[in-house]
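Coordinate analysis (summary)
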Amino acid sequence: MDHADPMTTVPLNGLSLELNSPIDPGRLDRIVADLARSEPQRVLDVGCGWAEVLLRMLAAVPGATGVGVDLEQVDLDRGRKNAELRGLTDRVELRAADAKTLTGTYDLVLCVGAQHALADDPGRALSALRGLTAAGGRLLFGIDYWLTVPPAERLEVMWGGATVEDSVLLPDVVAAAAAAGWRLLDLHEVSQSEWDAYECGLVRNQEEWLLDHADHPEAAALRRRLDDGRQQWLRGHHGYLGFAWLTLGALPGPTAA
Ligand SMILES: C[S@@+](CC[C@H](N)C(=O)[O-])C[C@H]1O[C@@H](n2cnc3c(N)ncnc32)[C@H](O)[C@@H]1O
């Protein structure tokens, strides 16, 4: 995804990020290397964004093929360009599709920060993901969770209309996974500094643009938007919302979905 003309247009956010979920990229590579040990041949990425996790997975497993689905054409185009740069074009298909229409089974399913694409309730999303995973297969599941249930005054300044029901506690995620036919193989909770790097990375290229275009007609509106977003983060979910990467193994037998 290229910047549009920086003289006339505010750039899209997220261009400074390697992927659209919180994690140190080096830690992601260690998770990918661990998943690669089972040599999955068919990989699905649900809500792939620009498919960074899928592309790293395919690079780590020679001969594996992958499908990524997302609704955002601009992100899919960014992923296709990255696939081309990494020589992966003939092993990956990035498809504009609603995750709820997916069928078939895969050796490895990736669903990172995208469970809402399948269901608002994590347990229902985990059941749907079990249905997309072959017996003995793996799921890499990235999900936000409450580190501590936030009090009303913090919820008030989070994203519009935030409620306690918007996320869950980590033990509840793991219990929901077990109920949906998964066993927990590995767990990485991101640190506060990984979250901070993600939040800053989301808007970094827009902040840089503002520094270079302080007198631009769109600058004042962008500055207000970024200031509001930063307050929602630092006075809202900062320190309350965690993010975990779970490696889950599918139990044999009939799928729960
Ligand atoms: C937080 S982003 C995570 C992207 C990617 N998994 C990553 O970690 O870089 C969530 C993604 O889910 C996608 N998404 C949301 N609803 C969807 C749906 N119904 N079908 C497919 N993708 C969806 C969004 O467009 C977005 O790219």
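Residues numbered from 1 in each chain as written. Predicted model: local features only at pLDDT ≥ 70, side-chain atom pairs only at ≥ 80, totals over all residues. Heavy atoms only, no water.

This part takes up the pattern of salt bridges. This model, assessed by the stated rule, comprises twelve salt bridges. Salt-bridge contacts for Asp-98 lead to Lys-100; the nearest nitrogen and oxygen are separated by 4.0 Å. For Lys-100, a relative accessible area of 53% translates into the label exposed. The salt bridge involving Arg-230 is made with Asp-227; its shortest N-O contact spans 3.3 Å. With a gap of three residues between them, Arg-230 and Asp-227 both fall in helix α8 (residues 219–237), about one helical turn apart. By relative accessible area, Arg-230 is classed as partly exposed at 28%. In this structure, a network of salt bridges that share partners links the residues Glu-18, Asp-29, Glu-52, Arg-56 and Arg-86. (Salt bridge = Lys/Arg side-chain N within 4 Å of Asp/Glu carboxyl O. Buried < 20%, exposed > 50% of the residue type's maximum accessible area, 1.4 Å probe, protein only. Helix = DSSP H or I, 4+ residues; strand = E, 2+ residues; numbered from the N terminus.)

Before going further, it helps to spend a moment on the packing of aromatic side chains. Applying the stated criterion to the full structure yields four aromatic pairs. One aromatic cluster in this structure is built from Trp-195, Tyr-198, Phe-243 and Trp-245. For Arg-42, the ring lying beneath its charged end belongs to Tyr-106, and the centroid distance is 4.5 Å. Here Arg-130 stacks its cationic end above the ring of Trp-182, 5.9 Å away from the centre of that ring. (Phe/Tyr/Trp six-rings, centres within 6.5 Å; stacked < 30°, edge-to-face > 60°. Lys NZ or Arg CZ within 6 Å of the ring centre and 35° of its normal.)

The geometry of a pair of packed helices is captured by two quantities: the angle between their axes and the separation between those axes. Closest axis-to-axis distance for the helix α1 (residues 25–36)/helix α2 (residues 52–60) pair is 9 Å, and the angle between their directions is 50°. Classified by the interaxial angle, the pair formed by α1 and α2 is oblique. α1 and α2 meet at a crossing whose hand is right-handed. On α2, the residues touching Pro-25, Leu-28, Asp-29, Val-32, Leu-35 and Ala-36 of α1 are Val-53, Arg-56, Met-57 and Ala-60. In terms of residue class, the contact of α1 with α2 is made up of eight nonpolar, no polar and two charged. (Axes fitted to C-alpha atoms, helices over the stretch in contact; angles between N-to-C directions. Parallel < 35°, antiparallel > 145°, perpendicular 65-115°, else oblique. Left-handed = near helix turned anticlockwise from the far one by under 90°. Contact = heavy atoms within 4.5 Å. Nonpolar A, V, L, I, M, F, W, Y, C, P; charged D, E, K, R; others polar.)

Let us look at helix α7 (residues 192–212). In this model, α7 (21 residues) spans 29 Å end to end at C-alpha, consistent with the 30 Å of a helix rising 1.5 Å per residue. Of all the bends in α7, the greatest, near 50°, is centred on Arg-204. By the burial criterion, the buried members of α7 are Glu-194, Trp-195, Tyr-198, Glu-199, Gly-201, Asn-205, Gln-206, Trp-209 and Leu-210. If you follow the buried residues of α7, they end up packed against α1, β6 (182–189), α8 and β7 (241–250). (Expected span 1.5 Å × (residues − 1). Bend = angle between axes of the 7 residues up to and from the residue.)

What follows is about the pairing of strand β4 (residues 106–112). Burial analysis of β4 places six of its seven residues in the buried class, the great majority of the element. Sheet analysis places strand β1 (residues 42–46) next to β4, joined by three bridges and oriented parallel. What sits directly across from Asp-45, in β4, is Leu-110. Two strands pair when backbone bridges link them, and β4 and strand β5 (residues 133–146) are joined in this way by six bridges, in the parallel orientation. Opposite Leu-110, over in β5, you have Leu-140 as the bridge partner. (Pairing = 2+ DSSP bridges.)

This part covers the packing of α7 against α8. Close contact between α7 and α8 brings their axes to 11 Å; oriented N to C, the two are set at 165°. Of the possible angle classes, the one that applies to α7 and α8 is roughly antiparallel. At the point where α7 passes α8, the crossing takes the left-handed sense. Of α8, the residues touching α7 (which contributes Asp-196, Glu-199, Cys-200, Val-203, Gln-206, Glu-207, Trp-209 and Leu-210) are Ala-219, Leu-222, Arg-223, Leu-226, Arg-230, Trp-233 and His-237. Looking at side-chain class alone, the contact of α7 with α8 contains eight nonpolar, two polar and five charged residues.

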